[in-house]
Amino acid sequence: MIDILKGAVAASRTGSDSQEMTHAWVFTGPPGSGRSSAAVAFAQALICPNQGCGACNECQSAATGGHPDVEVIRTEGLSIKVEEIRELLTRVAWAPSMAGWRVVVMEDADRLTESAANALLKAIEEPGTRTVWLLCAPTLHDVLPTIRSRCRHLQLRTPSIEAVTQVLIRRDNISPTMADFAARVSQGHIGRAKFLATNESARSNRKVIMQLPLQLGSLAAAFQAAQTLIDLATEEASTSSESRDEKEIEKLQEAYGKGATGRGMATGAAKAVKELEKEQKSRAARMVRDSIDGALLDLATFYRDVMLVQSGAPESIINSDMRTEIESYISSSPAHTAAQKIGAIKEARMNLAMNGAPLVTCEALMCELARK
Ligand SMILES: [Zn+2]
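Computed from a prediction, not measured in an experiment: that's the story for all the values here.

S.K.: So what exactly am I meant to see when it comes to the coordination of the zinc ion here?
M.R.: Note on metal geometry: ideal angles are 109.5 degrees for four donors arranged tetrahedrally and 90 or 180 degrees for six donors arranged octahedrally. In this structure, Cys48 (SG), Cys53 (SG), Cys56 (SG) and Cys59 (SG) serve as the protein donors to the zinc ion, at separations of 2.3 to 2.4 Å. Each of the 4 donor atoms around the zinc ion contributes to a set of angles spanning 102 to 119°, which defines the coordination as tetrahedral. Read in sequence order, the donor residues coordinating the zinc ion give the pattern C-x4-C-x2-C-x2-C.

Below, the structure is given as structure tokens:
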């Protein structure tokens, strides 16, 4: 993959009509595989005088969003709307101001609404521009067929635990022991690993969740466990969104001129704030779901470890700090049920993905996990 990008960077410099450099790319890969980091690195290579050294002014400003020719589009909302794309297109219609290329990195191209995608398609189809589009999405199927047929595709894999550990140590200055722990329990998800390594409350929440399989002695306990899981997920989601929500509303009010007295102004602002609040609410709900999903993935690692110990491969377990708990679980439950529990977790995650009610889904799951 690196060779393809290197070839493209070299071709981008000669200015020849080489097949190697093209102006639309799709980076795909599972969550945490670093697809947006790869796209940003490619953007740096295109605008840096030293082919993407990572250290010069150009590279650094591109990474932090300060480079005039590099736009990184991040969205925390549920969708990227057509108005946003139209606005973006007028911004990037100009020739690059410093570099040879104007680069747009879109981190969540899977969230383009259909009309937004169609507006983008027109820009991608336009020949001869100096704008390069780097779209990121989980899979190719998340991108409109008309768009993906015009893009070169690069697929990233989930990085190894060892590679994630090294990134945490070198890039984020995290201690080797902590980096190893976070990389192991996050199963190759770099973002999640960094979050765990740098966030003590996330680590202690995870600890509580990992104890749940050992506390399912009765039906009442199962219902209690479901409630605990929902509470922790909600807490994790709300701590990260509250301050951001406030800032967004403040910014919006500023844009409308806070304290503006003109009648049209005031109703316009009120309407926009209402819209934003609606969007924030749906984002909060999605974050709770994401965080429940993360907790369920964590729970699955417990049963996975149970199976590994049962099959005589304890050295490969993820939760090596829970050896005693895992062994006591094995001694008190019938053999060969761990695979069924993993199946039940998978089913619960599918229900949630299809919009199942979180509490009911978790209650049903915990009752299933409690079954001997
Ligand atoms: Zn550079």
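S.K.: I keep staring at the packing of aromatic side chains and nothing clicks. Help me out?
M.R.: Applying the stated rule across the entire model yields 5 aromatic pairs. Between Phe27 and Phe42, the aromatic rings sit 6.4 Å apart at their centres with planes inclined by 50°, giving tilted as the arrangement. Here Phe42 lies in helix H2 (residues 35–47) and Phe27 lies in strand S1 (residues 24–28), a separation of 15 residues in the sequence. The class for Phe27 is buried, based on a relative accessible area of 0%.

S.K.: Looking at this model, I keep getting lost on the pairing of strand S4 (residues 131–137). Mind explaining?
M.R.: The two faces of a sheet get side chains in turn, since along a regular strand they alternate between them. In terms of burial, S4 is largely enclosed, as 7 of its 7 residues are buried. Looking at chain direction, S1 and S4 are connected through 5 bridges and run parallel. By the bridge assignment, Thr28 is partnered in S4 with Ala137. As paired elements, strand S3 (residues 102–106) and S4 share 5 bridges and run parallel to each other. Each residue of the ladder has a partner; that of Val104, found in S4, is Trp133.

S.K.: How should I be thinking about the pattern of salt bridges in this particular structure?
M.R.: Pairing is possible between side chains of opposite charge, provided their charged atoms come close. Within the structure shown, the criterion is met by 16 salt bridges. The partner of Asp69 in a salt bridge is Arg102, with the nearest N and O atoms 3.7 Å apart. Residue Asp69 is located in the loop between helix H3 (57–64) and strand S2 (70–73), and its partner Arg102 is located in strand S3; the two are separated by 33 residues in the primary sequence. Note that Lys194 is salt-bridged to Asp172, the shortest N-O span being 3.8 Å.

Cut-off values and rules
- Residues numbered from 1 in each chain as written.
- Predicted model: local features only at pLDDT ≥ 70, side-chain atom pairs only at ≥ 80, totals over all residues.
- Heavy atoms only, no water.
- Donors = N, O, S within 2.8 Å, 3.2 Å for Na, K, Ca; no water.
- Tetrahedral: all angles 85-135°; square planar, octahedral: opposite > 155°, others 65-115°.
- Phe/Tyr/Trp six-rings, centres within 6.5 Å; stacked < 30°, edge-to-face > 60°.
- Helix = DSSP H or I, 4+ residues; strand = E, 2+ residues; numbered from the N terminus.
- Buried < 20%, exposed > 50% of the residue type's maximum accessible area, 1.4 Å probe, protein only.
- Pairing = 2+ DSSP bridges.
- Salt bridge = Lys/Arg side-chain N within 4 Å of Asp/Glu carboxyl O.

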